[in-house]
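Here is what each chain is made of, one letter per residue.
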Number of protein chains: 2
Amino acid sequence: MAQNKPLILITNDDGIKARGIFFLAEAVKEMGEVYIVAPDDAQSGQSSAMSINKPLRITSHPEHNGIKVFSVNGTPVDCVKLALHTIVPRRPDLLLSGINHGSNAGNNIIYSGTMGAALETCMLGIPSIGYSYLSHSPQAEFSNTLPFLKSITRKVIEQGLPADICLNINFPKGDIKGAKVVRAARGFWTEEYAEYIDPNGKPFYLLTGNFKNIEPEAEDTDYCWLDRGYASIVPARPDQSALDVIDEMKGVFE
Amino acid sequence: MAQNKPLILITNDDGIKARGIFFLAEAVKEMGEVYIVAPDDAQSGQSSAMSINKPLRITSHPEHNGIKVFSVNGTPVDCVKLALHTIVPRRPDLLLSGINHGSNAGNNIIYSGTMGAALETCMLGIPSIGYSYLSHSPQAEFSNTLPFLKSITRKVIEQGLPADICLNINFPKGDIKGAKVVRAARGFWTEEYAEYIDPNGKPFYLLTGNFKNIEPEAEDTDYCWLDRGYASIVPARPDQSALDVIDEMKGVFE
């Protein structure tokens, strides 16, 4: 087993038909044995959701340039869990998620299916990276990301990541000037719904909205450096316990 | 407006028919003006998922003992977002989610629809609490939780919570000896799928499994104190940026 190449599991939240996942798989296939296990359909905004009481099925697709390809009728977390349980022949050495068609910068990590998958394998101790691109276009080219994609992935294969830490990486369009390790900008969404009236006169709502970065002056955030043309690397931790306020809260609630 | 009672928005992930949400609403209705906006159906394990490209509809239900009741054909986060956008007459002073039929202790915060809702309003600066109960029974009585439920809710109405912090509270069954402010125990799920063969001879999979607490000896976790008969209070932060490793990661990736 010692001579095995690293096993790289790749998923996404845009689904098995997205360009981004095949661009990513092609970019890293020289570094290991690559398995794609992605949702059948788009699963944007699915966070760490998992399917309960829903029969999950695995579809096997033709091998693509040496890359093994499967899809699952579920969320990104379903894909990862089922891949580990049933599909991959051994524990992956690396999980890559993406390349997402669209930004996952700022506190949008919390909604991101791309990052849901990365946080999932991070909790199992597998080095995990979510890659996203600041364009929603299905035709996005991604070629500007290639040197960074390869260099970052290779470093993580060689050096691993700290315990309980995964990476949320966003790439800008155009020339990429470098990479910056930063925190997620905080913000929130405004004007979140478009209202419609159906043929029976009843209202329905579709999600829309704009993300408002509430700290546009901060120089240590992903939003700041993406605006300046850099790739942003946010180390993220699945555990949301706020250790720094536990003592203060003990005074209030115990 | 000054004489308005606090507006309390209540949601859950077990859906509008669950006992837990009405128990919670009844318990706190003396403290404010209560709006229930809950999913039409069970949404367990939906994390911070939101519905994209899905028409959301609001159903108005008869008022229940002075409590206004609505449901939405979406996730807990959809309910909260749409409630704020369209249903409640002013910004809520408090968001309560639950009482969940089942534990959300340990790092299961990440999958929890109950906590997805609380994290959502926390990001908007609204004091937010998720309440869960260590029984999945639809017939759970919850009466042992009542003094803690009232006292904790009242304290949060009076004193608020620190910025960017919400609470993940779990109640044990039986006599509750007290409340402990703790961190989430770390662990992972094992044996996650049951495999079946459909009438056409094809396999499908249903989620199952057991949570393995990987730090059973730790005395500062929710699992530890729930086992001892205490309510656990975990302060949780939506922002998953791991600030403590940013400098170390700069050395690797910049």
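Provided above is the structure to which this section pertains.
Residues numbered from 1 in each chain as written. Chains lettered and ligands numbered in written order. Predicted model: local features only at pLDDT ≥ 70, side-chain atom pairs only at ≥ 80, totals over all residues. Heavy atoms only, no water.

Enquirer: With reference to specific residues and values, describe the pattern of salt bridges.
Expert: As enumerated under the stated definition, the model contains 34 salt bridges over all chains in all. Between Asp198(A) and Arg57(B) there is a salt bridge, with its nearest N and O atoms 2.9 Å apart. With Asp198(A) in the loop between β10 (193–197) and β11 (203–207) and Arg57(B) in the loop between β2 (33–39) and β3 (58–64), the pair connects residues from two separate chains. The exposure class assigned to Asp198(A) is buried, which follows from its relative accessible area of 10%. (Salt bridge = Lys/Arg side-chain N within 4 Å of Asp/Glu carboxyl O. Helix = DSSP H or I, 4+ residues; strand = E, 2+ residues; numbered from the N terminus. Buried < 20%, exposed > 50% of the residue type's maximum accessible area, 1.4 Å probe, protein only.)

Enquirer: How would you explain the interface of chain B and chain A if you had to name every residue and give the values?
Expert: Taken together, the contact between chain B and chain A spans 76 residues of the former and 76 residues of the latter. Between chain B and chain A the total buried area reaches about 6,700 Å² when both faces are included, carbon and sulfur atoms providing 62% of it. Seen at the junction of chain B and chain A, the total is 8 salt bridges. Scanning the region where chain B abuts chain A turns up 31 residue pairs in polar contact (both at pLDDT 80 or more). For the side of chain B that touches chain A, the secondary structure elements donating two or more residues are α2 (76–87), α3 (113–122), α4 (146–159), β8 (179–181), β9 (187–190), β11 (203–207), β13 (231–236) and α6 (246–253) of chain B. Counted by class, the side of chain B that touches chain A contains 44 nonpolar, 13 polar and 19 charged residues. (Contact = heavy atoms within 4.5 Å. Buried area = accessible area lost by both parts, 1.4 Å probe. Polar contact = N/O pair within 3.5 Å; in protein donor to acceptor, adjacent residues only side chain to side chain. Nonpolar A, V, L, I, M, F, W, Y, C, P; charged D, E, K, R; others polar.)

Enquirer: Before we move on, can you summarise the pairing of strand β12 (residues 210–213) of chain A with the specific residues and values?
Expert: Residue and element names in this part refer to chain A. Side chains of β12 alternate between two faces, with Phe211 and Asn213 buried and Asn210 and Lys212 left unburied. Inspection of the sheet shows strand β9 (residues 187–190) paired to β12 by 4 bridges, in the antiparallel sense. Of the residues in β12, the one forming a bridge with Phe188 is Lys212. (Pairing = 2+ DSSP bridges.)

Enquirer: If you had to explain the sheet that holds strand β6 (residues 128–133) of chain B to someone new, which residues and values would you point to?
Expert: All names here are of chain B. Ordered by their spatial adjacency, 9 strands build an open sheet running β3-β4-β2-β1-β5-β6-β7-β13-β8, and the pairing between neighbours is mixed. If you trace the sheet from one side to the other, it starts and ends with β3 and β8, each paired once. Adjacent strand axes in the sheet meet at a mean angle of 20° when their direction is disregarded. Inspection of the sheet shows strand β5 (residues 94–101) paired to β6 by 5 bridges, in the parallel sense. Within β6, the position partnered with Leu95 by the bridge is Ser128. Set on the sheet, helix α1 (residues 19–28) makes contact with β1 (7–11), β2, β3, β4 (67–72), β5 and β6; between it and β5 the angle comes to about 140°. (Axes fitted to C-alpha atoms, helices over the stretch in contact; angles between N-to-C directions.)

Enquirer: Could you give an account of the environment of Trp189(A), with specific residues and numbers?
Expert: Position of Trp189(A) relative to the elements: it lies in strand β9. The sequence separation of Trp189(A) and Asn108(A) amounts to 81 residues, and the corresponding C-alpha distance is 9.6 Å. Aside from chain neighbours lying at most four places away, what touches Trp189(A) is Asn108(A), Tyr111(A), Thr208(A), Gly209(A), Asn210(A), Phe211(A) and Lys81(B). A distance of 2.7 Å separates polar atoms of two side chains, one belonging to Trp189(A) and the other to Asn108(A).

Geometric values such as these leave the question of function open.
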